[in-house]
Amino acid sequence: MAEKTSESKELEKKQYSLWEKSGIFAADVKSNKAPYCIPMPPPNVTGSLHMGHALNMTLQDILTRFERMQGRDVLWQPGTDHAGIATQMVVERLLADEGKTRHDLGRENFLKRVWEWKEHSGSTITTQLRRLGATPDWSRERFTMDEGLNKAVNKVFVQLYKEKLIYKDKRLVNWDPKLHTAISDLEVEQREETGSMWHFKYPIKGQPDRFITIATTRPETMLGDTAVAVHPSDERYRDLVGKLVVLPIVGREIPIIADEYADPEKGSGAVKITPAHDFNDFEVGKRHNLPMISILDINAKINENGPQEYVGMDRFAARKKVVAEIEALGLLEKIDKHKYQLPYGDRSNVIIEPLLTDQWYCDAKTLAGPAIKAVEEGRTQFVPANWTKTYYEWMHNIQPWCISRQLWWGHQIPAWYGPDKSVFVAETEEEAKAQAKEKFGKDVTLERDPDVLDTWFSSALWPFSTLGWPDNVPEVKRYYPAETLITGFDIIFFWVARMMMMGIHFMGDVPFRKVYIHALVRDEKGQKMSKSKGNIIDPLQLIDEFGADALRFTLTSMAAQGRDVKLGAKNVEGNRNFATKLKSAVNFCEMNNARLKLDFKPESVKLTLNKWIIGELVTTSMETAEALKAYRFNEAAKHLSEFAWDMFCDLYIEFTKPVFMGTDEVAKQETRDTLAWVLGQVLLLLNPIMPYVTETLHMHLLGKPEASPDKSDWLQSKRWPEFDAKIIDQAARDEMNWVVKLISEIRSVRSVMGVPAADQIRMLLKGASDVNKKRLKAHQDIICRRARLISAEANDAAAPKGSVTQVLGEATIILPIADVIDFGKEQARLKKEIEKVEADIERIDRNLNNKDFLAKADAEIVAEKREARAEAESAKAKLAQALKQLEAA
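Definitions and limits used
- Residues numbered from 1 in each chain as written.
- Predicted model: local features only at pLDDT ≥ 70, side-chain atom pairs only at ≥ 80, totals over all residues.
- Heavy atoms only, no water.
- Helix = DSSP H or I, 4+ residues; strand = E, 2+ residues; numbered from the N terminus.
- Buried < 20%, exposed > 50% of the residue type's maximum accessible area, 1.4 Å probe, protein only.
- Contact = heavy atoms within 4.5 Å.
- Areas by Shrake-Rupley, 256 points an atom, 1.4 Å probe, with all protein chains shown as cover.
- Lys, Arg positive; Asp, Glu negative; His and termini not counted.
- Charge placed at Lys NZ, Arg CZ, Asp CG, Glu CD.
- Axes fitted to C-alpha atoms, helices over the stretch in contact; angles between N-to-C directions.
- Parallel < 35°, antiparallel > 145°, perpendicular 65-115°, else oblique.
- Left-handed = near helix turned anticlockwise from the far one by under 90°.
- Pairing = 2+ DSSP bridges.
- Core = buried A, V, L, I, M, F, W, Y, C linked by side-chain atoms within 4.5 Å.

Chemist: Just checking my understanding: could you explain the overall build of the protein for this structure?
Modeler: When its secondary structure is counted, the protein shows 30 helices and 29 strands. With respect to the three principal axes, the spread of C-alpha positions in the protein is 105 × 65 × 55 Å. When each of the 889 residues of the protein is scored for burial, the buried share is 54%. In the protein, once contacts between residues fewer than 6 apart in sequence are set aside, the share between residues at least 24 apart is 76%. Per element, the accessible surface of the protein, about 39800 Å² overall, is 49% carbon and sulfur. The average position of the 124 basic charges and that of the 130 acidic charges among the side chains of the protein differ by 2 Å.

Have a look at this one:
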């Protein structure tokens, strides 16, 4: 039976293997279908599936499957990123277990070890994506270090160098003193800590007993100070601008300069300027042409530019010594406790130092111009649109991009140095040697630059390098630009913007038409997941416990645009119950001999009940397609859930039972055929979100094995249904939806009034139109069955004593309930519930009226609070109305 097999992990594995081997995921470059391309954000080759991946890949897979069903030739381009630092660290840790370092092996042998590790362990993440049910074209899987992508990287680097858009410069970078490499801002983790703020007095030259006070959290950097800055409008220091101070300990004379970077409202209003060890100071230094004195080496120890007695000292030991000396000189004004953000390397877990080093840079500002214009002109659109502003802010303030890293694993920079240190940039060593021979007039020995490129450099080429560029292949012409990119907001700048820059520069067009930015997946309390909080939810554990479909549907149903996903195991468990509900529907079909007929004609049905459900299905199909095309994934899931669970399983199936228990064989057969066909369509519409269970249950409707090898049987090989709107019988929909509304109102009143579920009551319908009287009579059995009624009749007499009422259109529902509830007890219960709701409202109002809360809470939390208040007010009104009725009855 379906209920025993559809959740089986082994069945999922068997199904997926069958699908993959069939080639159904593959794009066809020779197809005459309209192309649709979606590039997979390449997960790190070191990675394991986390909840962010699960959301991102689920949404991509839904679009991929949906567009295939639209009849398009879909390329979901898969691959993995070589993840420079992360991968190198993994292999270095393995070497450490052997008592070795990479330097013991040498570069060539170390890289062999990395490739060996990649071959044995690098497929973990892609195996896990298969568990999730992802269906990219695995035959086209790429790796950012494979030969073709390396060729693309070298070509791009060389061309940009020739265009003077890549150059070498000495600038500040985020330096990791443990890993000995520059790292990107994304690899820096800001941690709040409590430390000290030291206030030092710097003596003014030529003015005994006059000082200017600066404050610092990094006293050791004062050894590299080259100025003190004050605001141009700060009257306190106007006479000091242009004067010199004598830098304590060092004795160096440095100027007092006027610069708007200094904040008169902060501290003394004067700031020390250390251009070689602070990013803001670096910009001040450039504006005022200050010396840039670097006093730290690559290990974050004091170098030869510091005082002799400091050379070789660790930065933190030097800090203590500086403070002690300043205090001994009588120049320590005070020490404050201070909370501040400290930058840590996310891999090394050590404090990052801004360090002045020679690095390769890309002129991102020049490349950003066309990328900004493309979004302004609408050639690429962000969804939700508010992320466009974030993109502009980053792009308009873009800085030179440091593209070199001091690692061994990665794309080695295609630059060679001659005997006189002149540089030769070329795609191959042979070309570099030819350039050198032309310069020197003879063959010379060249030494290749040891650095590698930032991982984001190769990732920036992903939309076209994965298609085979720079070779002239048909895939580039057919699948570039991509239709859609789905990614997280945290890499809009690091990845999306750089793909835009590179795509436009080298391909002449944007890399994708739409960029859908999904939100964060948080825990059920709305907290960001982290190891330190112990609240990380493992998607693989959820898949093991509840099945891939339950997780996929949960993530989809929560993927509202602009709103973070708050996920708990209970959410996923609830959607496993949805899958169980679908299985029960299939079992109901089997029990009633309802078999899927492929030649069923929905427009031919006669029964109002069947016309109604077909009309609702057609509406659901259209609404779901519209939602998916607009990236409103949660709305698509809502449409499907409300129809499949609420309308089909809870209502229609119940409504068919009187038909099956009756004697009209023609009506029975039509209802059997409609039941099976509509359920088949439900499974088809759900297939992009819940592929495993829908394929399995569809096989049961066909009376075939769960994992049929015949592709033509598979839902994923079928077209999304396209219905003629004429198939919707509005009269039937109006009639049955009135019946549904009547039942819903009666059940709601029963619930609010505390009527026991086992007790049947009478229902009178007063003031009903002739049409609704006929509806009541025609569907009396269904109404009584679903609303737990003894009887249901139209009656315009006055309501019996002890009755409660509910308005339904032009009519009034009358429910005599005095015999089944204790009015006094129910009134007391309702008063308590009202008090509880009022307390909830009061608590919410305290938050919403609290300026501190509003200042700290993000917009989403505030919106949720307001929604919760509105819901509480609605509940209060409903309870108050019920209490009023009981008091009057």
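Let's pick the thread back up.
Chemist: Could you clarify how one ought to interpret the packing of helix α22 (residues 633-661) against helix α27 (residues 780-787) in this entry?
Modeler: Axes are the key here: two packed helices are described by the angle between their axes and the distance separating the axes. Direction vectors running N to C along α22 and α27 enclose 125°, while the axes themselves pass 10 Å from each other. When the axes of α22 and α27 are compared, the pair comes out oblique. For the pair α22 and α27, the crossing hand works out as right-handed. Of the residues in α27, those in contact with Asp-650, Leu-651, Glu-654, Phe-655, Lys-657, Pro-658 and Met-661 of α22 are Ile-782, Arg-785 and Arg-786.

Chemist: Teacher, can you tell me more about the sheet that holds strand β8 (residues 211-216) here?
Modeler: Note: strands within a sheet are paired through backbone hydrogen bonds, in either parallel or antiparallel orientation. If you trace the three strands from one edge of the open sheet to the other, you get β8-β7-β13, paired in antiparallel fashion. Sheet topology places β8 and β13 (332-345) at the edges, where each strand pairs with a single neighbour. Ignoring which end each strand starts from, the neighbouring axes of this sheet average 20° apart. Set on the sheet, helix α10 (residues 315-328) makes contact with β7 (188-203) and β13; between it and β7 the angle comes to about 25°.

Chemist: Mind showing me how you'd approach the nonpolar core here?
Modeler: Generally speaking, a soluble globular protein has its nonpolar side chains buried in company with each other. Judged by nonpolar contacts, the single largest core of 141 residues is most densely connected at Met-51, Trp-612, Phe-633, Phe-648 and Met-763. Examining the composition of this core, we find that 15 residues originate from one element, α22, more than from any other.

Chemist: Sorry, what's going on with the side chain of Arg-733 here?
Modeler: Along the polypeptide, Arg-733 turns up in helix α25 (residues 730-753). Judged by relative accessible area, Arg-733 falls into the buried class, the value being 14%. The residues touching Arg-733, leaving out its near neighbours within four places in the chain, are Trp-612, Gly-615, Glu-616, Thr-619 and Ile-728.

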